[in-house]
Every structure is written in C-alpha cells, then in structure tokens.
Amino acid sequence: MENKTLEHTLQGAPLWLTNFVLVYQKLSKESLQLLATIYHENVTFIDPLHTVEGFDELYQYFENLYQNLSACDFVIEEVIWQDSQASLFWTMTYQHPKLNKGKMVTVVGTSHIKGEGDKVIYHRDFLDLGAMLYEQLPILGKLTKWIKTKAAN
C-alpha cells in the first residue's frame, strides 16, 4: 500500500478489510488464487452484471472475467469502515482487445463489503456500466454517449 492516507485509515481495521485492500491492489489473472485468502466460502458477490453465491462460483466468475483481459489494475483511494462493513472508493483501469480499440479504459466505482471472521462474506460493486462496457463498443458506444449527452441537457 503506497497511499499514506489509506494506510492511516486502515490502522486498527479488521484483518478481513486490510487483507482485502492489499489483495485487490495486486490482483491479476496470475494471482487469482489470492481470492481464497480474502473471500468466505459462503460469499455473495454482486455487480451490475451478475450475482454469484459461494466462493467456487465467485472464483469461476473472476477466472472468466480475467481470461480475456490484457491488463487490469485496481487502485483503492479511500476506505470508510465501521464494525463489520466498509465502503471502498476505487479506480479500475483495464485493457481488453475488443473494447475501446484495445486501449486502456478507466472506471471509477465503489464497493460495499461485509466481513465475517477474517474474510469477506458480502461484496457489492457500484459502477457506471456504460463507462465500463457499453461506451467501449463501436456502435453501442456512440449511442450510449449520445443518450448521456441528451439526458444531461
């Protein structure tokens, strides 16, 4: 962890939270085995695309996600925690050969996580699916950006 403010915020934090932050900031397709060190066997994971139940299903989901990525990096900028739950504010930068002409894509999001024992038992991501996916597709991207522009006016 290089973010001194984040280090300070996590002083005294539960083990499940500290481990989660450390693992996510070094997660890659080569290190997916680290997921077993942070997720409970009965974890519930929710993002705008899927809901998965249980660690085995979660691991399979991550394996499929990372399979086609050229790169993926999470930077956790801020953590707010109390008792057995936390909110994390992060930036994900990823590269997929079929999205955004193979160029890097940056998405800002937040996660609500809950710990049980020394692992995360609940994880829900909130992010702009348009920015992450739809806007990165050739035809749908132009349409999505046009709709966003029209809605803002």
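Cut-off values and rules
Residues numbered from 1 in each chain as written. Predicted model: local features only at pLDDT ≥ 70, side-chain atom pairs only at ≥ 80, totals over all residues. Heavy atoms only, no water. Core = buried A, V, L, I, M, F, W, Y, C linked by side-chain atoms within 4.5 Å. Buried < 20%, exposed > 50% of the residue type's maximum accessible area, 1.4 Å probe, protein only. Helix = DSSP H or I, 4+ residues; strand = E, 2+ residues; numbered from the N terminus. Contact = heavy atoms within 4.5 Å. Polar contact = N/O pair within 3.5 Å; in protein donor to acceptor, adjacent residues only side chain to side chain. Pairing = 2+ DSSP bridges. Axes fitted to C-alpha atoms, helices over the stretch in contact; angles between N-to-C directions.

Draft legend 1. Summary view of the nonpolar core. Core analysis: the largest hydrophobic core is formed by 37 residues, its most contacted members being Leu17, Tyr24, Tyr39, Phe62, Val79 and Leu88. Looking at this core, the elements with two or more residues in it are α2 (15–24), α3 (35–38), β1 (39–46), α4 (55–67), β3 (71–82), β4 (85–95), β5 (105–116) and β6 (119–127). A per-element tally of this core places α2 first, with six residues. Once residues lying within four places of it in the same chain are set aside, the contact partners of Val79 are Leu6, Thr9, Leu10, Leu17, Val21, Ala86, Ser87 and Leu88.

Draft legend 2. The arrangement of the environment of Asp47 in detail. With respect to the helices, strands and loops of the structure, Asp47 is situated in the loop between β1 and β2 (51–53). Classification of Asp47 as buried rests on a relative accessible area of 15%. Between the C-alpha atom of Asp47 and that of His123, which follows or precedes it by 76 residues, the distance is 8.4 Å. Here Asp47 is in contact with Tyr61 and Asp125, once residues within four sequence places are set aside. In terms of polar contacts, Asp47 uses its side chain to reach the backbone amide nitrogen of Leu49, at 2.9 Å.

Draft legend 3. Inspection of the sheet that holds β5 at higher detail. Pairing is mixed in the open sheet, where six strands are placed in the order β2-β1-β6-β5-β4-β3. The open sheet terminates on both sides in strands that have one partner only, identified here as β2 and β3. Between one strand and the next, the sheet's axes are offset by a mean angle of 20°, whatever the strand orientation. In this sheet, β2 lies alongside β1 in antiparallel orientation, the contact comprising three bridges. Looking at β2, one finds that Ile46 is bridged to Thr51. Running at roughly 55° to β1, α4 makes contact with β1, β2 and β3 of the sheet.

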